[in-house]
Amino acid sequence: MYTLIGDLVGSRRLVDRAGAQRRLSEVLASVNAEVALTQELEATIGDEFQGAAGDLATAVLAGLLVRLRLRPELDARCGYGSGEVTVHDADRRPLLQDGPGWWSARAAIDELGRRR
């Protein structure tokens, strides 16, 4: 499983945070309609979203399309991971899940968020 965690860059400084969330939802829906993901992209909490694919190329394509479609008003950074994923509650949205696939994607996004 190749996981993707993304977040909106600079979202705390946005004047219209609700509008940004609406735009993100629209973009995620459009990418889900075009890219064959194992787990569709969905907003999770705050300014974050996640999804998963069966191969790295598909995960990266999904993240790239999100970034391109949000521009120029918004931007997102994406962290990618791989490994086992356990879904604890498939009926809940966002999914209640855990595992090394998500831990590695979280580590990647955290690294991108560090100030250099």
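Now for a look at the structure at hand.

Reading guide: rules and limits
Residues numbered from 1 in each chain as written. Predicted model: local features only at pLDDT ≥ 70, side-chain atom pairs only at ≥ 80, totals over all residues. Heavy atoms only, no water. Helix = DSSP H or I, 4+ residues; strand = E, 2+ residues; numbered from the N terminus. Expected span 1.5 Å × (residues − 1). Buried < 20%, exposed > 50% of the residue type's maximum accessible area, 1.4 Å probe, protein only. Pairing = 2+ DSSP bridges. Axes fitted to C-alpha atoms, helices over the stretch in contact; angles between N-to-C directions. Contact = heavy atoms within 4.5 Å. Core = buried A, V, L, I, M, F, W, Y, C linked by side-chain atoms within 4.5 Å. Arc of directions from axis to C-beta.

1. Focus: helix α1 (residues 17-34)
Here's step 1: Relative to the 26 Å expected for 18 residues at 1.5 Å per residue, α1 spans 26 Å between its end C-alpha atoms, a close match to the ideal helical length.
Here's step 2: The complete set of buried residues in α1 reads G19, A20, L24, V27, L28, V31 and N32.

2. Points about the sheet that holds strand β4 (residues 76-82)
Here's step 1: Strand order across the open sheet formed by four strands is β2-β3-β1-β4, with antiparallel pairing between neighbours. For this open sheet the edge positions go to β2 (39-43) and β4, each flanked by a neighbour on one side alone. Put simply, the sheet's adjacent strands are angled 15 degrees from each other on average, direction ignored.
Here's step 2: For strand β1 (residues 2-8) and β4, the ladder comprises seven bridges, and the chain directions are antiparallel. Bridging from a neighbouring strand, L8 pairs with A76 of β4.
Here's step 3: Relative to β2, α1 is tilted by about 175 degrees, and along the sheet it contacts β1, β2 and β3 (48-53).
Here's step 4: Its contacts with the sheet put helix α2 (residues 56-70) on β1, β2, β3 and β4, and the angle it makes with β4 is roughly 170 degrees.

3. Describing the pairing of β2
The side chains of a regular strand alternate, first on one face of the sheet and then on the other.
Here's step 1: Pairing of β2 with β3 involves three bridges; the strand directions are antiparallel. The partner of A43 across the bridge, within β3, is F49.
Here's step 2: Counting the residues between successive antiparallel strands, the hairpin from β2 to β3 contains four residues, one of them, G46, with a positive phi of roughly 60 degrees.

4. Description of the nonpolar core
In globular proteins that are soluble, nonpolar side chains generally tend to be buried together.
Here's step 1: Of all hydrophobic cores here, the largest spans 20 residues; its most connected members are V31, L41, F49, A62, V66 and L70.
Here's step 2: Put simply, the parts of the chain that give this core at least two residues each are β1, α1, β3, α2 and β4.
Here's step 3: Listed in part, the five residues of the second largest apolar core include I5, W102, A105 and I109.

5. Section: helix α3 (residues 100-113)
Here's step 1: For α3, built from 14 residues, the straight-helix expectation of 20 Å at 1.5 Å per residue is met to within 8% by its first-to-last C-alpha distance of 20 Å.
Here's step 2: Along α3, the residues classified as buried are G101, W102, A105 and I109. End-on, the buried residues of α3 take up no more than an arc of 90 degrees, which puts them together on one face.
Here's step 3: Residues of α3 that are buried sit in contact with β1, β2, β3, β4 and β6 (96-98).

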